[in-house]
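Listed below, chain by chain, are the residues.
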Amino acid sequence: MESLASTQPAPSVAQQPQRDSSQVADIVILGGGLVGLTLALGLAAHGLSCHVVDRADPAAQMADGFDGRASAISSASWAMFRALGLDKTLDGLGCPINQIWVSDAMRPGVLDFKPKAEEVPLGVMFANRDLRVAMHRAAAEQPLIQFHALAEVVDRQRGAHGVSVTLADGRVLKGALLIAAEGRQSPTRDEAGMQVARWDYRHRAIITGLAHTKPHDNVAYEIFYPAGPFALLPMLDDAQGRHRSALVWTVAEKDAAG
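Residues numbered from 1 in each chain as written. Predicted model: local features only at pLDDT ≥ 70, side-chain atom pairs only at ≥ 80, totals over all residues. Heavy atoms only, no water.

(A) Representation of the sheet that holds strand β13 (residues 177-180) within the structure. The four strands are arranged β9-β3-β2-β13 in an open sheet whose pairing can be described as parallel. One side of each edge strand has no neighbouring strand; the edge strands of this open sheet are β9 (145-148) and β13. Between one strand and the next, the sheet's axes are offset by a mean angle of 15°, whatever the strand orientation. Pairing between strand β3 (residues 50-53) and β9: four bridges, direction parallel. Looking across to β9, one finds that V52 is bridged to F147. The sheet contacts of helix α1 (residues 34-45) involve β2 (27-30), β3, β9 and β13, and relative to β2 the element is tilted by about 165°. (Pairing = 2+ DSSP bridges. Helix = DSSP H or I, 4+ residues; strand = E, 2+ residues; numbered from the N terminus. Axes fitted to C-alpha atoms, helices over the stretch in contact; angles between N-to-C directions. Contact = heavy atoms within 4.5 Å.)

(B) Summary view of the pattern of salt bridges. Going through the model one piece at a time under the given rule, you end up with 13 salt bridges. Note that R156 and E191 form a salt bridge whose closest N and O atoms lie 3.3 Å from each other. Linking R156 in strand β10 (residues 153-159) with E191 in helix α6 (residues 187-191), this pair joins segments that are 35 residues apart in sequence. The class for R156 is buried, based on a relative accessible area of 11%. Taking relative accessible area as the criterion, E191 reaches 43% and is therefore assigned partly exposed. A salt bridge links E253 to R202; the shortest N-O distance between them is 3.9 Å. Here the residue E253 occupies a position in helix α7 (residues 253-256), and R202 occupies one in the loop between α6 and β14 (203-212), the gap between them amounting to 51 residues. With a relative accessible area of 29%, E253 lands in the partly exposed category. It is possible to trace a salt-bridge network through shared partners that takes in R156, R158, E182 and E191. (Salt bridge = Lys/Arg side-chain N within 4 Å of Asp/Glu carboxyl O. Buried < 20%, exposed > 50% of the residue type's maximum accessible area, 1.4 Å probe, protein only.)

(C) Representation of the side chain of T38 in the model. Mapping T38 onto the fold places it in helix α1. Residue T38 is classed as buried on the basis of its relative accessible area, which comes to 13%. Setting aside its immediate chain neighbours within four residues, T38 contacts M80, F81, L84 and M135.

(D) Molecular detail of the pairing of strand β7 (residues 110-113). Two elements, strand β6 (residues 99-103) and β7, share four bridges in a ladder whose sense is antiparallel. Its bridge partner lying in β7, V102 is registered against L111.

(E) Structural detail: α1. In a regular helix each residue adds 1.5 Å, so 12 residues correspond to 16 Å; α1 covers 17 Å between its end C-alpha atoms and thus fits that length. The complete set of buried residues in α1 reads G36, L37, T38, A40, L41, G42, L43 and A44. Buried residues along α1 sit against β2, β3, α3 (75-83), α5 (128-140) and β9. (Expected span 1.5 Å × (residues − 1).)

Honestly, that's just the spatial picture; any functional story needs more than this.
So this is what it looks like as structure tokens:
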């Protein structure tokens with residue numbers, strides 16, 4: 001096996017149309033990842049305008065290469081993507097999961113999930129990078145979405161008649177509703193005083209992409225070891241015809257560095 005780094009080119013963020021319009025929108029979404037952009041596209045499809053603010057560099061997130069970060073899209077999620085028009089961009093980029101093989105530390109006896117012949121696959125594996133490319137393209141074509149990349153939020157105000165967000169460059173974005181889609185380390189949630197329960201399992205997940213000689217036959221393997229789960233998830237062959245899988249291997253924190 002060998003690590004991988006190959007996929008199709010991404011659209012340049014600099015090439016996306018720049019829209020100069022009002023700083024007032026219906027919704028202000030903080031976080032432009034998969035969740036934030038999906039929400040913005042769904043709201044825009046229903047006629048609601050959105051500011052989407054993200055501190056990350058989209059060019060880096062959509063750079064060439066497969067690092068193993070992938071998502072399994074269920075049939076229900078795929079129906080949502082289809083309703084948003086993302087299926088056109090994603091068509092042919094996902095690898096169907098036709099079987100899930102589950103083992104308890106390779107002991108005798110396994111769970112073997114297979115859909116019936118007439119049923120849809122159990123899921124479709126997409127590289128997260130391909131999902132981001134599709135969403136950014138759709139957002140760039142949607143006049144109701146204003147995407148603010150590399151933007152740092154320095155102040156948030158929530159009032160009886162709306163919300164406002166001040167960016168580091170002095171711009172003030174206003175809306176009727178503020179949505180935090182910043183992930184588990186959400187400063188907006190912390191500022192609002194929302195408490196969450198946290199556990200430290202003292203584990204780390206190793207995530208990477210692998211090339212291998214034998215085909216995976218669209219099978220997802222999940223093995224539950226005492227130290228944590230081990231998963232091999234099927235991906236499409238790369239441009240050179242090499243078989244690919246995404247690896248997720250959870251180990252104890254003390255063993256992660258080795």
